[in-house]
Amino acid sequence: MTCVIAGGGPAGAMLALLLARAGVEVTLLEKHADFLRDFRGDTIHPSTLQVLGEIGLAEEFLRLPHRKAYEFSVVTDTGPIRLADLHGLPCAYDYIAFVPQWDFLDLVTTAAARYPSFRLLMSAEAYGLIVEDGAVRGLRYRDADGEHELRAALTVAADGRDSVLRRAAGLVPREFGAPMDVLWFRLPREPGDPGQPFLRLSRGHLMVAIDRGTYWQLAYVIPKGGHDELVKRGIGALREPVARLLPFLAERAELIEGYDDVSVLTVVLNRLRRWHRPGFTAIGDAAHAMSPVFGVGINLAVQDAVAAANLVAAPLRAYGRVPEEVLRRLQRRRMWPTRVTQAAQRVVQNLLIGPALSGRVAAPPIRPDVTRIPLLSRVPRRFIGLGVRPEHVEVPSSP
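Quick summary incoming for the structure in this document.

Cut-offs applied
Residues numbered from 1 in each chain as written. Predicted model: local features only at pLDDT ≥ 70, side-chain atom pairs only at ≥ 80, totals over all residues. Heavy atoms only, no water. Salt bridge = Lys/Arg side-chain N within 4 Å of Asp/Glu carboxyl O. Helix = DSSP H or I, 4+ residues; strand = E, 2+ residues; numbered from the N terminus. Buried < 20%, exposed > 50% of the residue type's maximum accessible area, 1.4 Å probe, protein only. Contact = heavy atoms within 4.5 Å. Axes fitted to C-alpha atoms, helices over the stretch in contact; angles between N-to-C directions. Parallel < 35°, antiparallel > 145°, perpendicular 65-115°, else oblique. Left-handed = near helix turned anticlockwise from the far one by under 90°. Nonpolar A, V, L, I, M, F, W, Y, C, P; charged D, E, K, R; others polar. Pairing = 2+ DSSP bridges. Core = buried A, V, L, I, M, F, W, Y, C linked by side-chain atoms within 4.5 Å.

## Let's talk about the pattern of salt bridges
Where charged atoms from two side chains of opposite charge approach closely, those side chains can pair.
Move 1: Using the criterion set out here, one finds 17 salt bridges in the structure.
Move 2: A salt bridge links Glu60 to Arg114; its shortest N-O distance comes to 3.1 Å. Of this pair, Glu60 sits in helix α3 (residues 58-62) while Arg114 sits in the loop between α4 (101-112) and β8 (118-122), and the two are 54 residues apart along the sequence.
Move 3: Overall, Glu60 belongs to the partly exposed group, its relative accessible area being 23%.
Move 4: Between Glu391 and Arg334 there is a salt bridge, and its shortest N-O distance comes to 3.0 Å.

Below you can see the structure in the form of structure tokens.
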């Protein structure tokens, strides 16, 4: 076994595909029986669409049911503020595609399965590392048949922000905190409703509305740790702000029968100081949990995977191992975009979200359409669309 990856999310699935495409023997473990987890992030940004185009999957991806968003606005009590317009982005894709994450993961893993060096193990939960002579030599996992070992030249933790393998490797993230948690739920969409995603901001309240075609995916932002208090007040405590903030959904808010219809995202913002050990590296949320601000979590994870494949595929093919210096280079390459993105998220959390939730601000102090200012148009367009240091697939496909 050359490479084993724990975690079938965007980072793990994309890395597995790129390595298999390059002829590297790779096994991907996913602890669930399928990819159907509701309310996972599903914003596919132009940087990820570019990657799909580079490996010949863009057309197949765009055949999936999806919604395109070209601009983003904040709707305040006094009117809308247009924040970003992706038209004119210097790439083939000037929009964000909203696709259920399970469809994206099915697409990526199905493409990987076309290569004989790829193996996918579902319902396989990694729980520990094999360590010999100070180096990681693989992992231990359990499934319906019991406990097993998989030995590998490179073990990759892509098992999310609560990474078990990260902890087993003795890597501890630095926590930055977040002032909010998020309640995810859905309501039916009707003709005549707004057509683009937007953020609704009012004093003491924040709500994100995402058009899913047949329904609205809604995110109600609450103060950190505020879920239990909201539940104590009854379901009316959620229906009321929905109806007030989004009047077109006022009648439909009654369809929220109880908090069993609601998923809670505990927001975490952190990153590892060190991502690697000999024979081991972490990527994606296992290396850096992102705030939902800007919706860039999937895209940072995919960029990590592309950078990792570009660096480790050749030594795995040629020598059957990855020197730790290569893993150190991977961290150096991806740490800077991680830091910049998280710094921007912290600015938004501290200057907008925290004050809004505490009732200190009702609207950002900016003009109604910042996209008409050239500099203020280009910067958010590129940051949201392409991110910091977008990666391109350099590792060639195996003949």
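## Topic: the environment of Ala69
Move 1: With respect to the secondary-structure elements, Ala69 resides in strand β4 (residues 67-69).
Move 2: For the pair formed by Ala69 and Met207, sequence separation is 138 residues and the distance between their alpha carbons is 17 Å.
Move 3: With residues near it in sequence (within four places) discarded, Ala69 still touches Leu86, Tyr95, Ile96, Phe98, Gln196 and Pro197.

## Description of unusual backbone geometry
Move 1: Here the phi dihedral of Asp133 falls at roughly 55°; this positive angle occurs in a residue that is not glycine.
Move 2: Here Asp133 is to be found in the loop between β9 (125-132) and β10 (135-143).
Move 3: A relative accessible area of 79% means that Asp133 is categorised as exposed.
Move 4: Although it is not a glycine, Phe294 sits at a positive phi angle of roughly 75°.
Move 5: Structurally, the position occupied by Phe294 is in the loop between β21 (280-282) and α8 (297-319).
Move 6: We classify Phe294 as partly exposed; its relative accessible area is 29%.

## A few points about the packing of helix α1 (residues 10-21) against α8
Helix packing geometry: the angle between the two helix axes and the distance between the axes.
Move 1: Direction vectors running N to C along α1 and α8 enclose 30°, while the axes themselves pass 8 Å from each other. Our classification of the angle between α1 and α8 gives roughly parallel. Relative to α8, α1 is oriented so that their crossing is right-handed. Note on element contacts: α8 touches α1 through Ile298, Ala301, Val302, Ala305, Val306, Ala308, Ala309, Val312 and Ala313, opposite Pro10, Ala11, Met14, Leu15, Leu18 and Leu19.
Move 2: Taken together, the residues of the contact of α1 with α8 break down into 15 nonpolar, no polar and no charged.

## A few points about helix α2 (residues 46-54)
Residue pairs three or four apart in sequence face the same way in an α-helix, which turns once every 3.6 residues.
Move 1: In terms of residue burial, α2 counts as a mostly covered element, since seven of its nine residues are buried.
Move 2: Burial in α2 covers these residues: Pro46, Ser47, Thr48, Leu49, Gln50, Val51 and Leu52.
Move 3: Immediately beyond the C-terminal end of α2, within one or two residues, lies Gly56, with a positive phi of roughly 80°.

## Quick word on the sheet that holds β4
Move 1: Spatially, β3-β7-β4 is the arrangement adopted by the three strands of the open sheet, whose pairing is antiparallel. The strands lining the two open edges of the sheet, one partner per strand, are β3 (43-44) and β4.
Move 2: Bridge analysis of β4 against strand β7 (residues 96-98) gives three bridges, and the strand direction is antiparallel. Among the inter-strand pairings, Lys68 is bridged to a residue of β7, identified as Ala97.

## Thoughts on the nonpolar core
Move 1: Within the largest apolar cluster, 61 residues are counted, with the highest numbers of intra-cluster contacts made by Ile5, Met14, Leu15, Leu19, Phe61, Phe104 and Val312.
Move 2: The greatest single-element share of this core, amounting to twelve residues, is contributed by α8.
Move 3: The residues contacting Phe61, other than those within four sequence positions of it, are Ile44, Leu49, Leu52, Ala97, Val99, Phe104 and Leu107.
Move 4: Ranked by size, the runner-up nonpolar core spans 26 residues in total, among them Ala84, Val182, Leu201 and Val293.

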